[in-house]
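Descriptive structure summary
The residues making up each chain are set out below.
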Amino acid sequence: QVQLVESGGGLVQPGGSLRLSCAASGSIFSINAMGWYRQAPGKERELVAAITSGGSTNYADSVKGRFTISRDNAKNTVYLQMNSLKPEDTAVYYCNADTVAGQAYWGQGTQVTVSS
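Anyway, here's the lowdown on the structure attached to this text. In this text the structure is predicted, and so the values were computed from the model without any measurement.

Calculation rules
Every chain begins its residue count from 1, and numbering advances along the sequence as written. A pLDDT threshold of at least 70 governs which residues receive local features in this predicted model, and a stricter bar of 80 or more applies before side-chain atom pairs are shown or counted, although totals over entire chains, interfaces and linings include all residues. Side-chain numbers come from the whole structure's heavy atoms, not from hydrogens or water. Two strands qualify as a pair provided DSSP detects at least 2 bridges between them. Put simply, DSSP H or I for four residues or longer makes a helix, DSSP E for two residues or longer makes a strand, and each gets a number counted from the N terminus. Note on aromatic pairs: the rings of Phe, Tyr and Trp (six-membered ring only in Trp) are paired at centre separations within 6.5 Å, and the planes decide the class, stacked below 30 degrees, edge-to-face beyond 60, tilted for the rest. Throughout, exposure labels follow a simple rule: accessible area from a 1.4 Å probe, protein chains only, divided by the maximum for the residue type, with under 20% read as buried, over 50% as exposed, and the rest as partly exposed. Charge-over-ring contacts are defined here by two conditions on Lys NZ or Arg CZ: a distance within 6 Å of the ring centre and an angle within 35 degrees of the ring normal. By definition in these notes, contact holds between two residues if any of their heavy atoms fall within 4.5 Å. To count as a disulfide, a pair of cysteine sulfur atoms needs to be within 2.5 Å. Helix axes are fitted only over the stretch in contact, all axes being lines through C-alpha atoms; the angle between N-to-C directions runs from 0 to 180 degrees.

Quick look at the pairing of strand E5 (residues 46-52) now. Direction of pairing for strand E4 (residues 31-39) relative to E5: antiparallel, over a ladder of six bridges. Opposite arginine 38, over in E5, you have glutamate 46 as the bridge partner. Taking the residues between adjacent antiparallel strands as the criterion, E4 and E5 are bridged by six residues, where glycine 42 takes a positive phi near 75 degrees. In this sheet, strand E6 (residues 57-59) lies alongside E5 in antiparallel orientation, the contact comprising three bridges. Its bridge partner lying in E6, alanine 50 is registered against asparagine 58. A loop of four residues connects E5 with E6, the two strands running antiparallel in sequence, and glycine 55 in this loop sits at a positive phi of about 100 degrees.

Okay, structure coming up:
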């Protein structure tokens, strides 16, 4: 079992920045990749960014150049630095961990609202 706890969401004005954190605990040795997804009202959950255990990253086209995913293996934590935020980035952001056995774990979600 893997437990994920997110933090760092909130309300920010357009053009502002936020940093999300996701702390993993439990069977962290089994984690292969971690990522951030988001779900806006009335829309499906979508991948925002992902990072493998080897450090390879992948981003949605809509956030490339604005968001950066990183991980601190010593702290078992993944971060999502979000810059130049837009109203369309408003969503609940979920942390995800995929294990080598193919299991997927999710955090409880953190709300990000971009509004003036």
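What follows covers the packing of aromatic side chains. On inspection of all chains with the given rule, the structure shows one aromatic pair. Ring geometry for tyrosine 37 and tryptophan 106: centres 5.0 Å apart, planes at 70 degrees, overall edge-to-face. One end of the pair, tyrosine 37, is in strand E4; the other, tryptophan 106, is in strand E10 (residues 104-106), with 69 residues separating them in the sequence. A residue is classified by how much of its surface remains accessible, and tryptophan 106, at 38% relative accessible area, is partly exposed. In this structure, arginine 45 is placed above the aromatic ring of tyrosine 94, and the distance from its NZ or CZ to the ring centre is 3.8 Å. Taking the ring centre of tryptophan 106 as reference, the NZ or CZ of arginine 45 above it sits at 4.7 Å.

The next point concerns the environment of alanine 23. Tracing the sequence through the fold places alanine 23 in strand E3 (residues 18-26). For the pair alanine 23 and tyrosine 79, spaced 56 residues apart in sequence, the C-alpha to C-alpha distance is 8.9 Å. Not counting residues within four places of it along the chain, the set of residues in contact with alanine 23 comprises Gln3, Leu4, Val5, Asn76 and Thr77.

The final tally for this structure, using the stated rule, is one disulfide. Here cysteine 22 connects covalently by a disulfide to cysteine 95, the sulfurs 2.0 Å from one another. Taking the sign of the S-S torsion, about -85 degrees here, the bridge from cysteine 22 to cysteine 95 comes out left-handed. Here cysteine 22, found in strand E3, pairs with cysteine 95, found in strand E9 (residues 91-99); they are 73 residues apart in sequence, far enough to count as distant. One exposure class covers both cysteine 22 and cysteine 95, and it is buried.

Our focus in this paragraph is the sheet that holds E3. Spatially, four strands are ordered E1-E3-E8-E7 in an open sheet, and the strand pairing comes out antiparallel. If you trace the sheet from one side to the other, it starts and ends with strand E1 (2-7) and strand E7 (67-72), each paired once. Pairwise comparison of adjacent strand axes, ignoring direction, gives a mean angle of 15 degrees for this sheet. Two strands pair when backbone bridges link them, and E3 and strand E8 (residues 77-82) are joined in this way by six bridges, in the antiparallel orientation.

So far we have only geometry, and geometry alone does not tell us how the molecule works.
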